[in-house]
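# Coordinate inspection notes
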Amino acid sequence: MNAVPPLAKQVPTTRVQHGDTTVDEYAWLQDKTDPDTIGYLEAENAWAEERTAHLAGLRETLFTELKTRTQETDLSVPTRQGDFWYYSRTVEGKQYGIHCRVPVVGDVVPQVSADGAPLPGEQVVLDENELAGDKDFFSLGTYDPSPDGTLLAFSTDYSGDERYTMRVKNLVTGEILPDEIPNTFHGSAWSLAGDVLFYLKVDEAWRPHQVWRHTLGSAEPDVLVYHETDEKFWVGVGLTRSEKYLVIDIGSKITSEIRFIASDDPTGEFAVFGAGRVEGVELQIDHQGDRFWVLHNRDAVNFVLGWTPVADTTQFHEVIAHRDDTRLLEVQAFADHAVVHFRRDGLTGLRVLPNDGEPREITFPEPVYDVAPTGNAHYPATTLRLSYTSLATPDSVYDYSLATGELTLLKRRPVLGDFDPARYEQFREWAVAPDGTRVPISIMTLKGTPRDGSAPLSLYGYGSYEASIDPWFSIARLSLVDRGVTFAIAHVRGGGEMGRHWYDDGKLLHKKNTFTDFVACARHLAAAGWTSPERTVARGASAGGLLMGAIANIAPEAFGGIVAQVPFVDALNTILDPTMPLTVVEWDEWGNPLADPEVYAYMKSYSPYENVTAQEYPAMLVMAGLNDPRVGVHEAAKWVARLRTVGKGGPVLLKTEMGAGHMGPSGRYDAWKEESYVNAWLLDVVGRAA
C-alpha cells in the first residue's frame, strides 16, 4: 500500500476584502477543465480505493443485502390524472424506472399485485432505460402529461449538470414530435387545450429566470413570457390542480410573487396576484371554484390560511389563524375540500377542510414519522392520497376517505427476507444547546442494543433552507442497524422542524447555532449512553456537508468519523463570487459578504475551508461530483487538500464521481453501490466491519 496520500500543488492566490487579506493556496482547483485538477481528483480516487480495498468484500455483502431485500420488479400506486391512472414501475436488472398508464374504468384504484406485474391494459408512456441507453449518466427532468392525456412533455440530462433538453411525445401514436428545446430547467405547464407548452430557462448562474411559451408545431419563435431580472429571485411555472389556471411562481428565500392566467387563454396577459411582491411576504395558492386558497406570512411568521375571490385577489378572508406552535406548509385544493399540510412539535400532520363540514386532523400512533399529501392530481377526488413513513415503517401509501374518516392502506414498500419492524425501536429525545434551546433527535435502534456507550451511532444532519430532515425509512440502513449501529437524526436549527423561527435562528448571523446544535446532540447521545464519541459517525450532504466541515473544526473530539457528501465547505469564497451558480440567490440565506463586513467576518469565522487548523481530525470520507452545478467539485477538493497539509489525524479520503453531478450516480444499482461504499467505510470506522 502507498503510505503517502496525494498532495495538491500550492499556487498562492490573494483575496482582499473589507481590509482583510487571505491567501488561498488551492484556488486553482476551481478550474475543473485544468488537466492538473483532473489529475489530482483521479489521484485522490486511486488513494481512496487503495485505502478501502480491504472493505471490498464488505461492500459486496452490503450491496447484496440491499439488493436481496429490495423487490426489484415493483410498481407504484396508480395516480389518477384526467382519464388515466399513471404509475411507474421497476424491472429487475434495469437501472431506471418505466412510466406507464391504464385507462380509468370507474373510480376504483387499480389493484397492484404483490409481484409488481404490469397492470392489465398497460401503455408504456416513457421508458427511462431506453432513453438512457449506454450513457454513464441519465436524469429525467420534466415528466408532464397534457390535460387531455394525448401528449407528454419530458426532458433529459446526460451529464449531471442539470441542463435538460425538452421534447414532446404523442401518446396516441408513440411518435416523438419534432419540437425540441435545449438548455431548459425542470418544470413545465400545458395550456388547457394542450397546444401550448410553458417551460423554464436558466441564466449563467444556474438560476431559473425566464418563462417561455412554445406553440407546438409552430414555425414562429418561442415567446418570452416572463423574465426575472432581480438575481435574488427564481421562477417556476405550473398548472393548478383544477387545470383552470396557469401560475408563475416567483420567489427569493424570503419573498414571493405570483402571476396567473386562465389556462384556456395561454397567449393572454398574466395577472399579478394580490398585492404583488412585498419584501418578506411569501405566498402559496391553489384554485377552487370561484376562489383561490392562500397561505401567507404577512404578520404571521408561521403562516395563516385563507382565501380570496378569483375576481379580486386583494380580498383575503382568514380561515386558519396564526399559531406559534404550528407552521402551515402547504394547501391543496379540490372540488369539495382543501387539505393543509402542517408541522407541529417537530412532526408533520394533515388537516382536512371540507367545503361542508367540520375540519379534522388525521392522527398517527408512532413517536416519530413523516406524513404528506401525495399523488393528488385528480381535482374531483373524494379521497385524500397520503404518504406515510417512519424510521421503522417502510414507505406507505394510504387513501383517506373524506366521508368516513377511514384510512385504507394501498401499498407498503415491500422489504424482502426476514425484515420485521417489531425488531426495532424508535425514540424522540431532546438535547440542550449552549443557549438553552431544546433540540429534537429522532432515533432508531435494534431492540436490546445496550445503553452503556458501547454501541456505534450514525448521526445525520442538514440544517439549512428551512428544509426538514423528517424520519424516513431506508433499506440500506437496516444493514447498519442489524449490526448494532444506532441511527439518529439531529433536527438542528436552520431546518424547519420546529417552525419558521427554527429556520430564522439558524441562518444569516445565527448560522453557528446549526453547528452547536449538532454538537450538542452528539454529546447528549454519548452522555445518555446511546454511544460514545469515538463510536459516533456524523453524516451530511450539500449544506449538510457545510455542517460536517464546521463540526470537524469546532468539536473533532466528539466524533470518530465524518461523512461529507458534495459538501458546501468553501462557503465564503463561493458566496463572495456572484458569477458562481446561485450565489446571489443565496444571499438571503447566508448574507452578502461582498457588501457587509459583518457578514464577511462572520462567514469567515465558520466557513470550514477557512478554519482548518493543526488539530487532530477524525477519519473522514468526502464525496463529490465532477459535474455538480450546485456545489462545485473544487469545494471538496480544496478542503481535503488543506486538511492534508494543515490538519492532523484522519485519514481523510476524497472520492469523486467523474461522470455525475450533485445527486451522485443516476442508476439505482450504481446508487446502491455508492451507499454500500459509505456504509462499509462507516462500519470500519466504528469497528463493526468484521
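Description of the structure in this document. What you see is a predicted model, and the numbers here were worked out from it, not measured in a lab.

Attention now moves to the environment of Ala262. The residue Ala262 is located in strand 17 (residues 256–262) in this model. Separated by 17 residues in sequence, Ala262 and Tyr245 place their C-alpha atoms 4.5 Å apart. Aside from chain neighbours lying at most four places away, what touches Ala262 is Lys244, Tyr245 and Leu246.

Take the environment of Phe138 next. Structurally, Phe138 can be placed in the loop between helix 3 (128–132) and strand 8 (139–145). Along the sequence, Phe138 and Ala392 sit 254 residues apart, while their C-alpha atoms lie 31 Å from each other. Non-local contacts of Phe138, meaning those with residues more than four positions away in its chain, are made with Tyr96, Glu128, Leu131, Ala132, Thr156, Asp157, Tyr158 and Ser666.

Spatially, seven strands are ordered 8-9-10-11-12-13-14 in an open sheet, and the strand pairing comes out antiparallel. Sheet topology places strand 8 and strand 14 (223–227) at the edges, where each strand pairs with a single neighbour. Adjacent strand axes in the sheet meet at a mean angle of 35°, parallel and antiparallel pairs treated alike. Summarising the sheet, strand 13 (residues 208–215) and strand 14 pair through four bridges and their orientation is antiparallel.

Okay, unusual backbone geometry next. Negative phi values dominate among residues other than glycine, just as trans dominates among peptide bonds. Cis geometry marks the peptide bond from Gly650 to Pro651, where omega comes out at 5°. Turning to its location among the elements, Pro651 is positioned in the loop between strand 39 (648–649) and strand 40 (652–657). Despite not being glycine, Glu243 shows a phi value in the positive range, around 65°. Judged by its relative accessible area of 21%, Glu243 falls in the partly exposed class.

With antiparallel pairing, the four strands of this open sheet are ordered in space as 19-20-21-22. Pairing within the sheet leaves two strands with one partner each, and these edge strands are strand 19 (283–288) and strand 22 (317–320). The mean inter-strand angle of the sheet, taken between neighbouring strand axes irrespective of direction, is 30°. Strand direction decides the pairing type here: strand 21 (residues 304–309) and strand 22, joined by three bridges, are antiparallel. In the sheet register, Gly306 faces strand 22, and the bridge partner there is Glu318.

Attention shifts here to the pattern of salt bridges. As enumerated under the stated definition, the model contains 38 salt bridges in all. For Arg644, the salt bridge goes to Glu44, with nearest N and O atoms at 2.6 Å. Placement of the pair is Arg644 in helix 11 (residues 633–645) and Glu44 in helix 1 (residues 35–51), with a sequence separation of 600 residues. The residue Asp74 makes a salt bridge to Lys411 at a minimum N-O spacing of 2.9 Å. Separated by 337 residues along the polypeptide, Asp74 in strand 3 (residues 74–75) and Lys411 in strand 30 (residues 407–412) bring together distant segments of the chain. The buried category is assigned to Asp74, whose relative accessible area is 13%.

Buried residues dominate strand 5 (residues 84–90), accounting for five of its seven residues. Where strand 4 (residues 79–81) lies against strand 5, three bridges are found, and the strand directions are antiparallel. Bridged to Arg80 within strand 5 is Trp85. As defined by bridge partners, strand 5 adjoins strand 6 (residues 98–103) across six bridges and the pair is classed as antiparallel. Bridge pairing links Tyr87 to Cys100 in strand 6.

Cut-offs used in this document
- Residues numbered from 1 in each chain as written.
- Predicted model: local features only at pLDDT ≥ 70, side-chain atom pairs only at ≥ 80, totals over all residues.
- Heavy atoms only, no water.
- Helix = DSSP H or I, 4+ residues; strand = E, 2+ residues; numbered from the N terminus.
- Contact = heavy atoms within 4.5 Å.
- Pairing = 2+ DSSP bridges.
- Axes fitted to C-alpha atoms, helices over the stretch in contact; angles between N-to-C directions.
- Buried < 20%, exposed > 50% of the residue type's maximum accessible area, 1.4 Å probe, protein only.
- Salt bridge = Lys/Arg side-chain N within 4 Å of Asp/Glu carboxyl O.

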